[in-house]
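Summary of structural features
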Amino acid sequence: MELYKRISMKDMLAQALYLLMEEMPFEKITIKQIGVKAGVIRGTFYNHFYDKYEALEYLTYTLLVGSIEEDNFRIRLKRILEVFQTQKEFFKKCFQVEGQNSFEMMLSHILAEILMNYLEVEKVDFQKSSMSSKDFTAIHANMIVYVLKNWILKKDNLNYEVIYEQLLQLLGKGAKGMIDELKEIQE
Amino acid sequence: MFRCILLLVAASSDSDIYMLEKGATTNQLKVKTFFTHSLIFAVVSVLMTFLGLMIGKLILNEKMVLLHEMITILIFLCISAIIFVRTFRKEKIIERLKPEMDLKTTLKQSILTGIDFLLIGVSLTGIGIAPIYILFAAFLLNLSSSLSASCIGYYLGADYQKAFGYLSALIYFVVANIELISLVL
């Protein structure tokens, strides 16, 4: 029986980054500060990560993918939104990371990977389609990122279940489906 | 002698900034590698100082003492301004793993940063210190400061790059003013 959960150095460094982001903006965080927080010297950081952006991507991945053991896409999406709600302040700071290594791009890659896994589990074949699976997942990942960013950065406190329903509508019906539905309601 | 050492410390700052960055972007403190690269900077600084001393001896003589002093002051003020502006404009480096250290790049960098030593060599001509001591001081100061900078970079990161630059600019400015005051008085 395991009395304690083993934590890797990589996770310790990611945790240290998380704690530092509670105290200061991501741009001001240095590798030394992450090392000090984790109780290691600077050089150790580079044994696990290329730079702090990679550490942030790993941290986000751990929060959104690592902690959720669920194959069903809908349930996984719901759990992801739940994480976003509980860690709202953290993700607010994350969305402030812009530029070449923006958080939006990181999140898009992670979500695209989740979607790709879902396609593999469902054994969806894109060979006869004009669109590749990579493009398909990228488009939908970017759409989810847009919705998430809007939700997190807005001051209104919508519950994650409302956002979940919005996403299911967008992903399930697409633009035409939603427009047709709205037209029916208007009539 | 004190002025000489001060100037050599200031001239070493360019190589220090480079080695600081190298130290800050490596995952292991490779003493042999850092020592080799610091040695390159030290050797080139000695050669440049020697060249400067030779140039100074050729173009300046006893009758040109005043002109020599004025040129020295002007050079130091210019170097101070250039370093200050360069440091001010320098963007904060993104701390990213770059463990490879290319000898060719270091050699190129040492020649570029050695220009300060060349100018200092010219300005130190005829101050009464034997050239061998100046060259020895240049070698030792550059070697030790480059090695120290790489260790500082490794343990503390690249945050101190700007501090090195501003300190160097300040030293040049102070020495130039000391020379100016002694010239006037």
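Residues numbered from 1 in each chain as written. Chains lettered and ligands numbered in written order. Predicted model: local features only at pLDDT ≥ 70, side-chain atom pairs only at ≥ 80, totals over all residues.

Details of the packing of helix 1 (residues 2-24) of chain B against helix 7 (residues 161-184) of chain B
Helix packing for two helices is described by the angle between their axes and how far apart those axes are. Residues and elements named next belong to chain B. Two numbers describe how helix 1 lies on helix 7: the axes approach to 9 Å, and their chain directions differ by 160 degrees. By the angle between their axes, helix 1 is roughly antiparallel relative to helix 7. Note on packing geometry: the crossing formed by helix 1 with helix 7 is left-handed. Of the residues in helix 7, those in contact with Arg3, Leu6, Leu7, Val9, Ala10, Ser13, Asp16, Ile17, Leu20 and Glu21 of helix 1 are Gln161, Phe164, Gly165, Leu167, Ser168, Ile171, Tyr172 and Val175. Class assignment for the residues of the contact of helix 1 with helix 7 results in 11 nonpolar, 4 polar and 3 charged. (Axes fitted to C-alpha atoms, helices over the stretch in contact; angles between N-to-C directions. Helix = DSSP H or I, 4+ residues; strand = E, 2+ residues; numbered from the N terminus. Parallel < 35°, antiparallel > 145°, perpendicular 65-115°, else oblique. Left-handed = near helix turned anticlockwise from the far one by under 90°. Contact = placed C-beta atoms within 7 Å. Nonpolar A, V, L, I, M, F, W, Y, C, P; charged D, E, K, R; others polar.)

Re the interface of chain B and chain A
Every contact between the two is made by 13 residues of chain B and, on the other side, 10 residues of chain A. Partitioned by chemical class, the residues of the side of chain B that touches chain A number 6 nonpolar, 4 polar and 3 charged.

Concerning helix 8 (residues 133-153) of chain A
Residues and elements named next belong to chain A. End to end, helix 8 covers 30 Å across 21 residues, agreeing with the expected 30 Å (1.5 Å per residue, within 8%). Inspection of helix 8 places Thr137, Ala141, Ile144, Val145, Leu148 and Trp151 among the buried residues, and these make up the whole buried set. With its buried residues spanning 130 degrees around the axis, helix 8 presents them on a single face. Set apart from the buried face of helix 8 by more than 90 degrees, the exposed residues are Ile139, Asn150 and Leu153. (Expected span 1.5 Å × (residues − 1). Buried ≥ 20, exposed ≤ 12 C-beta atoms within 10 Å, placed from the backbone. Arc of directions from axis to C-beta.)

Brief notes about the domain arrangement of chain A
Residues and elements named next belong to chain A. Here the domain parsing of chain A yields domain 1 (7-49) and domain 2 (51-186). Of the residues lining the interface, 12 residues belong to domain 1; the matching set on domain 2 comes to 12 residues. Elements with a minimum of two residues in the side of domain 1 that touches domain 2: helix 1 (9-23) and helix 2 (31-38). With 6 residues, helix 1 is the single largest residue contributor to the side of domain 1 that touches domain 2. (Domains from an automatic or database assignment.)

Thoughts on unusual backbone geometry
Residue Lys123(A) is not a glycine yet carries a positive backbone phi of 55 degrees. Within the fold, Lys123(A) resides in the loop between helix 7 (103-121) and helix 8.

Quick look at the confidence of the model for chain B
In this model, chain B carries an average pLDDT of 85, and 97% of its residues clear a pLDDT of 70 or more. With a pTM of 0.80, the predicted complex shows an ipTM of 0.73. (pLDDT = per-residue confidence, 0-100.)

Comments concerning the environment of Ile29(A)
All names here are of chain A. Turning to its location among the elements, Ile29 is positioned in the loop between helix 1 and helix 2. Put simply, Ile29 and Gly99 are 70 residues apart on the chain and 16 Å apart in space, counted from C-alpha to C-alpha. In this structure, Ile29 is in contact with Leu17, Leu20, Met24, Ile34 and Lys52, ignoring residues within four places of it in sequence.

Examining the nonpolar core
Counting residues in each nonpolar core, the largest one holds 37 residues, and the members touching the most others are Leu13(A), Leu17(A), Ile34(A), Ala55(A), Leu56(A) and Leu111(A). Looking at this core, the element that brings in the most residues is helix 7 of chain A, giving 7 residues. Residues from two domains meet in this core; each of domain 1 (7-49) and domain 2 (51-186) of chain A gives at least three. Grouped together as the second largest cluster of nonpolar side chains are 29 residues, Val46(B), Leu124(B), Ile134(B) and Val175(B) included. (Core = buried A, V, L, I, M, F, W, Y, C linked by C-beta atoms within 7 Å.)

What to know about helix 5 (residues 73-86) of chain A
All names here are of chain A. The first and last C-alpha atoms of helix 5 sit 20 Å apart over 14 residues, in line with the 20 Å expected at 1.5 Å per residue. For helix 5, the full list of buried residues reads Leu77, Ile80 and Leu81. Burial along helix 5 is one-sided: seen end-on, the buried residues are contained in an arc of 95 degrees. Facing away from the buried side of helix 5 by more than 90 degrees, the exposed set consists of Ile75 and Thr86.

Quick word on the packing of helix 7 of chain A against helix 8 of chain A
Residues and elements named next belong to chain A. One way to put it is that helix 7 packs onto helix 8 with a least axis distance of 8 Å and a crossing angle of 130 degrees. Classed by the angle they form, the pair helix 7 and helix 8 counts as oblique. The element helix 7 and its partner helix 8 pack so that their crossing is right-handed. Where helix 7 approaches helix 8, its residues Glu104, Leu107, Ser108, Leu111, Ala112, Leu115, Met116 and Leu119 are matched on the opposing element by Ser133, Thr137, Ala138, His140, Ala141, Asn142, Ile144, Val145 and Lys149. Looking at the contact of helix 7 with helix 8, its residues break down into 10 nonpolar, 5 polar and 2 charged.

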